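Coordinates in review
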Amino acid sequence: MLSPNVSLFTHEVVLITSILAFIFVLGVLVFVHELGHFLVAKKAGMKVEEFSLGYPPKAIGIKVGETEYCLSWLPLGGYVKVAGMADFGHEEAKGEPWEFQSKPRWMQMSVMIAGPFMNFLLGFLLLFGVRLAAGEYEFLNDTRIGEVQEASPLHDAGLLPSDRILSVGSTPVGDWEEMTDAFINNMKNTVSIAVERGADQVVLNVDLTGPPEGLGIGPYITTEVGSTMPGMPAEEIGLLPGDIITSVAGVPVTMWWEMSREISTRPEETIEIIWMRERTQMSASITPAGQEEGEKSVGRIGINTASKRTPISFSKAFFRSGDETIRLSTAIFGFVKRLVTGQESGKQLAGPVGIFQMVGQSAERGFSQLIWFMAMLSINLGVLNLLPIPMLDGGHLLILSIEAIARRDLSSRHKEILQQVGFVFLLFLIIYVTFNDISRLFG
């Protein structure tokens, strides 16, 4: 066990790491978003008066040419101030050729859409960079099945853990992504799959005509420990890389998902864990830390898999990163749709406090995990800003679309009212998600 002083020092290091990672992630995402607006506005011949990271009051600023570059005290975003354009509509355009309102509608829309576009682009580049630099996890280069959830079409078809899928329909599959894509291409159909089961090969018929709730399968990952996270229970009991966990709370486990299931359902509960270190059996009592995920607390002991990464070709990394960017974007839009229609609870939304926690947890798992989370957050930011809410880029696009259809500009008063309504909505949303975060934090 760690001494109290060592444990306290470890927690302080984790907190400082989380703070630095949060500042880095948020700073890069906001900068890239605002840079999109800035570059397109300048290209369109508009005068950019301010480029700020953070919201007023201003902390420091330096003027270069016609633009003042600022760091402001409220770290909840940033803004680019274009001449003749104001979020609350109180600045009247003077008809100068460099003003926002003096430019064609398509240029104005280009400026507004440039911010979200840069977030999607950054998300893609981060995913691509991680894949190219670190490679793919070894288990993703195989189609061997680890977990098969009971409420899934593949379980109903007879798929078993340790099976290896060879083909889906007429498509041979050699890795996890090829297999997943093949299943997606056959959604809403009944498809036959060839499966290697030990020394035999069997054919199963999978009914995918039901609601697309996921395949309900996971890759084959053993319970070997790859690394432990600082300050977490696994480190405190002395688990080391290479240890193989064989039992959790009296339940024998051979695969990662089995071990994860037993640990995650026992937050803050003291249990026994047994592992093998070379040929020696070891055991200890451990209390999984409770971490909030959605509306429930799950147990975590702070370990990563031992799966290695293998190199991936440039073209495969490029196309897979593009597919993942599209999938993440579609999933986020789908969540927003379900939220609006009442199919999802607003309690699942995370605000600044929740994002800070998730950034810290990602940083603890390693740099590549932090970059992946940063990519997902960037794509989230792109989707959020495209929503047709006044004050957001999507709200500006909505107003510009209305003006294009009506073939006349809305009055400054109407714009001011819309922007103020949007501001109040976003303010209440920030309060709501922050309350969610704090409620999850303190249970």
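Refer to the preceding data block for the structure.
Presented here is an overview of the structure given in this document. Remember, predicted model here, so these are calculated numbers, not experimental data. (Residues numbered from 1 in each chain as written. Predicted model: local features only at pLDDT ≥ 70, side-chain atom pairs only at ≥ 80, totals over all residues. Heavy atoms only, no water.)

Considering the pattern of salt bridges
Operational definition: The term salt bridge refers to a side-chain nitrogen of Lys or Arg lying within 4 Å of a carboxyl oxygen of Asp or Glu. Secondary structure elements are defined from DSSP: runs of H or I of at least 4 residues count as helices, runs of E of at least 2 residues count as strands, and each element is numbered from the N terminus. A 1.4 Å probe rolled over the protein chains alone gives each residue an accessible area, and that area as a share of the maximum for its type sets the label: buried under 20%, exposed over 50%, partly exposed in between.
For the structure shown, the criterion picks out 22 salt bridges. Salt-bridge contacts for E136 lead to R320; the nearest nitrogen and oxygen are separated by 3.1 Å. One end of the pair, E136, is in strand 3 (residues 136–137); the other, R320, is in helix 7 (residues 314–340), and 184 residues separate them in sequence. We classify E136 as buried; its relative accessible area is 7%. One salt bridge in this structure joins R261 and E262, with 2.9 Å as the shortest N-O distance. A relative accessible area of 10% means that E262 is categorised as buried. Members of the salt-bridge network, linked through shared partners, are R131, E136, D175, E177, D181, K316, R320, E324 and R327.

Concerning unusual backbone geometry
Residue P57 is reached from P56 by a cis peptide bond, and omega for that bond is 15 degrees. Within the element layout of this structure, P57 appears in strand 1 (residues 48–64). Of note in the backbone geometry, E268 takes a positive phi value of approximately 60 degrees without being a glycine. Among the secondary structure elements, E268 is positioned in the loop between helix 6 (256–264) and strand 13 (271–277). The exposure class of E268 is exposed, given its relative accessible area of 54%.

Structural notes on the packing of aromatic side chains
What counts is decided by this rule: Only rings of Phe, Tyr and Trp enter the pairing, Trp through its six-membered ring, and a pair is recorded when the two centres are within 6.5 Å. The plane angle decides the type: under 30 degrees is stacked, over 60 is edge-to-face, the rest tilted.
As enumerated under the stated definition, the model contains 12 aromatic pairs in all. Their ring planes at 50 degrees and their centres at 5.9 Å tell us that F31 and F51 sit as a pair that is tilted. In this pair, F31 is assigned in helix 1 (residues 4–43) and F51 in strand 1, connecting sequence segments 20 residues apart. The buried category is assigned to F51, whose relative accessible area is 6%. For the ring pair Y137 and F139, a centre distance of 5.5 Å and an interplane angle of 5 degrees mean the geometry is stacked. A relative accessible area of 27% means that Y137 is categorised as partly exposed. For F139, a relative accessible area of 17% corresponds to the buried category.

Description of the packing of helix 4 (residues 176–185) against helix 7
The following threshold applies: Note on geometry: axes are lines fitted to C-alpha atoms, helical ones only across the stretch in contact, with angles between N-to-C directions running from 0 to 180 degrees. These descriptions rest on fixed angle ranges, namely under 35 degrees for roughly parallel, over 145 for roughly antiparallel, 65 to 115 for roughly perpendicular, and the rest for oblique. Throughout, a crossing is termed right-handed when the near helix is turned clockwise from the far one, and left-handed when it is turned anticlockwise from it by less than a right angle. By definition in these notes, contact holds between two residues if any of their heavy atoms fall within 4.5 Å.
Viewed as axis vectors pointing N to C, helix 4 and helix 7 meet at an angle of 45 degrees, and their least axial separation amounts to 12 Å. Of the possible angle classes, the one that applies to helix 4 and helix 7 is oblique. Relative to helix 7, helix 4 is oriented so that their crossing is left-handed. On the side of helix 4, the interface is formed by E177, E178 and D181, while helix 7 contributes R320, D323 and R327.

Things to note about the sheet that holds strand 13
Test applied: Strand pairing follows a simple DSSP-based rule, namely that at least 2 bridges must link the two strands.
With antiparallel pairing, four strands are arranged side by side in an open sheet as 12-11-13-14. Of all strands in the sheet, those bounded by a partner on one side alone are strand 12 (251–252) and strand 14 (280–286). Bridge count between strand 11 (residues 244–248) and strand 13: four bridges; the pairing is antiparallel. If you follow I244 over to strand 13, its bridge partner there is M276.

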